[in-house]
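Descriptive structure summary
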Amino acid sequence: MNRIRSERRGSVELLTLDRPKALNALDRAALEALLDCCERLAADPSVRAVVLTGEGRAFAAGADIAEMRGLDAQQAESFSRLGHAAMDALESLAMPTIAAVNGYALGGGCELACACDWIYASETSRFGQPEVNLGLIPGFGGTGRLARRVGSAWAKELVLGGEPIDAKTALRIGLVNRIFAPDALLGSALDAAKKIAGKGPLAIATAKRVMVQGQDADVRTAHALEQAAFGVISAGAERAEGMDAFLEKREPSFENR
Ligand code: CAA
């Protein structure tokens, strides 16, 4: 019952949700597998970027409705807490994460995509928070992360209206960065990840940490975080190599710095 397939492609880790018969619905086993993957990736500096996608015709069609059906209030809260822990672990990874959304990203699936740094999607993908149609609300961060990405008016339309949107609309509202023909999606996401993998990992990790922490802070605290991190990164070997390479008109080499 391996819910997530992991493959290394050079310095890039490809994670594939692998329960296509249930449209990759997220049950406890999938969330625990995601936590395990994140723990492993957090301890592996050789992984410079992550691409997350889904096997079959869905990215993920939500939390597992069959598994949730029998939960009492306490169990449902615990399930939501597990989902949040998995999304937080993904969001906190030092390396960039790209969701390659190949089909449905609904409910918990949309929340999972939003826990990645950005989303690429196929032209045929669909996004939504349909929980109200089940008499439910989002449980893996959708009431917060979605609004940060698309603003509160669109987040309210998606969460309170419960209707899905197509890829073009997702692109227009800023939920998705780029859309691709279905056949080109995964290759494009992997190419973007590979490009990142050649850049300075410490600078990327620092910028990501400051952005993730800064979005939860007031603007002055966020600016102070940036200033302190700017100082630290400026004293490092990566910054020295990057600037030397520019001034010497050559490509930088960030390996082992
Ligand atoms: N949970 C469990 N199983 C699911 C599922 C889900 N979220 N979504 C799809 N499946 C299963 C279906 O039950 C079906 O299984 P069987 O073949 O055993 O019957 C299989 O996946 C294929 O699904 P469909 O036959 O329904 O496929 P379709 O093409 O007709 O419809 C769909 C696709 C529109 C995505 C439809 O499956 C659907 O509406 N799924 C549910 C979407 C949803 O409501 N998601 C939110 C869940 S709640 C949530 O996520 C809460 C949270 O934030 C934590």
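Residues numbered from 1 in each chain as written. Predicted model: local features only at pLDDT ≥ 70, side-chain atom pairs only at ≥ 80, totals over all residues. Heavy atoms only, no water.

The residue Leu-23 is not glycine, and still its phi comes out positive at about 50°. Residue placement: Leu-23 occurs in the loop between strand E2 (12-17) and helix H1 (28-42). Non-glycine residue Asn-24 carries a positive phi angle of around 60°. Residue position: Asn-24 is located in the loop between E2 and H1. (Helix = DSSP H or I, 4+ residues; strand = E, 2+ residues; numbered from the N terminus.)

One can find Glu-131 in the loop between strand E8 (126-128) and helix H5 (145-150). The exposure class assigned to Glu-131 is buried, which follows from its relative accessible area of 7%. Taking the C-alpha atoms as reference points, Glu-131 and Ala-63, separated by 68 residues in sequence, lie 9.6 Å from one another. When neighbours within four sequence positions are excluded, Glu-131 is seen to be in contact with Gly-107, Gly-108, Glu-111, Leu-136, Ile-137 and Pro-138. (Buried < 20%, exposed > 50% of the residue type's maximum accessible area, 1.4 Å probe, protein only. Contact = heavy atoms within 4.5 Å.)

What follows is about the side chain of Asp-27. Tracing the sequence through the fold places Asp-27 in the loop between E2 and H1. For Asp-27, the residues in contact, after removing those within four places along its chain, are Arg-3, Arg-19, Asp-64, Glu-67 and Phe-79.

By the definition in use, this model includes 17 salt bridges. Note that Asp-44 is salt-bridged to Arg-8, the shortest N-O span being 3.5 Å. With a gap of 36 residues between them, Asp-44 in the loop between H1 and strand E3 (49-54) and Arg-8 in strand E1 (residues 4-9) connect regions that are remote in the sequence. Using a relative accessible area of 23% as the deciding quantity, one classes Asp-44 as partly exposed. We classify Arg-8 as partly exposed; its relative accessible area is 39%. Salt-bridge contacts for Arg-250 lead to Glu-248; the nearest nitrogen and oxygen are separated by 2.7 Å. (Salt bridge = Lys/Arg side-chain N within 4 Å of Asp/Glu carboxyl O.)

On to the sheet that holds strand E6 (residues 104-106), then. If you trace the 4 strands from one edge of the open sheet to the other, you get E4-E6-E8-E9, paired in mixed fashion. If you trace the sheet from one side to the other, it starts and ends with strand E4 (58-60) and strand E9 (165-166), each paired once. Across 2 bridges, E8 lies against E9 in antiparallel orientation. Each bridged residue has a counterpart across the sheet, and for Phe-127 the counterpart in E9 is Ile-165. (Pairing = 2+ DSSP bridges.)

We now examine the domain arrangement of the protein. If you check the domain split of the protein, you get domain 1 (4-197) and domain 2 (201-247). For domain 1 versus domain 2, the separation of C-alpha centres amounts to 27 Å. Tallying the contact residues gives 11 residues for domain 1 and 7 residues for domain 2. Counting each side, the surface lost to burial between domain 1 and domain 2 is near 680 Å², with a carbon and sulfur contribution of 53%. Contact with domain 2 buries area across many residues of domain 1, yet Glu-91, Ala-94 and Arg-148 alone supply 55% of it, more than any other trio. Counting the contacts that link domain 1 with domain 2 gives 2 salt bridges. A salt bridge links Arg-148 to Asp-216, with the shortest nitrogen-to-oxygen separation between them at 2.6 Å. Inspection of the domain 1/domain 2 interface yields 4 residue pairs in polar contact (both at pLDDT 80 or more). Grouping the amino acids of the side of domain 1 that touches domain 2 by side-chain chemistry returns 6 nonpolar, 1 polar and 4 charged. (Domains from an automatic or database assignment. Buried area = accessible area lost by both parts, 1.4 Å probe. Polar contact = N/O pair within 3.5 Å; in protein donor to acceptor, adjacent residues only side chain to side chain. Nonpolar A, V, L, I, M, F, W, Y, C, P; charged D, E, K, R; others polar.)

Turning our eyes to something else, we now look at helix H8 (residues 182-197). Counted at 1.5 Å a residue, the expected span for H8 with its 16 residues is 22 Å, and the 24 Å between its end C-alpha atoms agrees. By the burial criterion, the buried members of H8 are Leu-185, Ala-189, Leu-190, Ala-192, Ala-193, Ile-196 and Ala-197. Taken end-on, H8 shows its buried residues confined to a sector of 155°, consistent with a single buried face. Away from its buried face by more than 90 degrees, H8 exposes Asp-183, Asp-191, Lys-194 and Lys-195. (Expected span 1.5 Å × (residues − 1). Arc of directions from axis to C-beta.)

A few words now on the site of the ligand. Near the ligand you find 23 residues, and of these Arg-57, Ala-63, Gly-108, Glu-111 and Glu-131 are the closest. Between an oxygen atom of the ligand and a main-chain N or O atom of Lys-21, the distance comes to 3.5 Å. Contact distances for the ligand include 2.8 Å between an oxygen atom and a backbone N or O atom of Ala-63. Bound to the protein, the ligand loses 62% of the 990 Å² it would expose on its own. (Near = heavy atom within 4 Å. Areas by Shrake-Rupley, 256 points an atom, 1.4 Å probe, with all protein chains shown as cover.)

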